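# Secondary and tertiary structure notes
Listed below are the residues making up each chain.
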Amino acid sequence: VQLQASGGGLVQAGGSLRLSCAASGCTLGNYAMGWFRQAPGKEREFVSAISWRAFSTYYADSVKGRFTISRDNAKNTVYLQMNSLKPEDTAVYYCAADSSRIRVGIEVYDYEYWGQGTQVTVSS
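Residues numbered from 1 in each chain as written. Predicted model: local features only at pLDDT ≥ 70, side-chain atom pairs only at ≥ 80, totals over all residues. Heavy atoms only, no water.

## What about the nonpolar core?
- Counting residues in hydrophobic clusters, the biggest one holds 35 residues, and the most contacted among them are L3, M33, W35, F67, L80, M82 and Y93.
- Of all the elements in the fold, those that place two or more residues in this core are β1 (2-6), β3 (17-24), β4 (32-38), β5 (45-50), β7 (67-72), β8 (77-82), β9 (91-98) and β11 (118-123).
- In contact with M82, other than residues within four places in its own chain, are G15, S16, L17, L19, R66, F67, Y93 and V120. (Core = buried A, V, L, I, M, F, W, Y, C linked by side-chain atoms within 4.5 Å. Buried < 20%, exposed > 50% of the residue type's maximum accessible area, 1.4 Å probe, protein only. Helix = DSSP H or I, 4+ residues; strand = E, 2+ residues; numbered from the N terminus. Contact = heavy atoms within 4.5 Å.)

Below, the structure is given as structure tokens:
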């Protein structure tokens, strides 16, 4: 399983970005998917997750109402639409895959496969 995150960049506060996570070497529809982020000097933290059939989505309180996770299993891709961005959203964003079909994890250790990360910088 290989995951490739993209879509990061520099944006002003209040702006939007859409991150993509493309999978290869697997059928993404068999995995629950998550987005995490890590700011300098901080631990990696949960942002959002979606179940393998997209029946359930989960968000950290800090992004609820601003971020939306979605997936297109036909394209083997998961997305994170980020609106109303704030400087505190600045971090490297990682996508991750979990083969479990009985949970949607919100912890780093729930996920088996990780992408390389994409930098999101929000200026004030």
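Having seen it, we continue.
## Let's talk about unusual backbone geometry
- One non-glycine residue, A54, lies in positive phi territory at about 65°.
- Among the structural elements, A54 can be located in the loop between β5 and β6 (57-59).
- Not every positive phi belongs to a glycine, and N76 is a case in point at roughly 55°.
- Counting through the fold element by element, N76 comes out in the loop between β7 and β8.
- When its relative accessible area of 15% is taken as the criterion, N76 is described as buried.

## Comments concerning the sheet that holds β8
- Strand order in the open sheet formed by four strands is β1-β3-β8-β7, with antiparallel pairing between adjacent strands. Two strands lie at the open edges of the sheet, namely β1 and β7, each paired on one side alone. Neighbouring strand axes in the sheet, compared pairwise and without regard to direction, differ in orientation by 15° on average.
- Pairing analysis gives six bridges linking β7 to β8, with the strands arranged antiparallel. From the neighbouring strand, D72 faces β8, where its bridge partner is T77. (Pairing = 2+ DSSP bridges. Axes fitted to C-alpha atoms, helices over the stretch in contact; angles between N-to-C directions.)

## Points about the packing of aromatic side chains
- A complete count under the given rule lists five aromatic pairs for this structure.
- Measuring from centroid to centroid gives 5.1 Å for F36 and W114, while their planes differ by 55°, and the two rings are tilted. Of this pair, F36 sits in strand β4 while W114 sits in strand β10 (residues 113-114), and the two are 78 residues apart along the sequence.
- By relative accessible area, W114 is classed as partly exposed at 26%.
- Taken together, the ring pairs connect F36, F46, Y111 and W114 into an aromatic cluster. (Phe/Tyr/Trp six-rings, centres within 6.5 Å; stacked < 30°, edge-to-face > 60°.)

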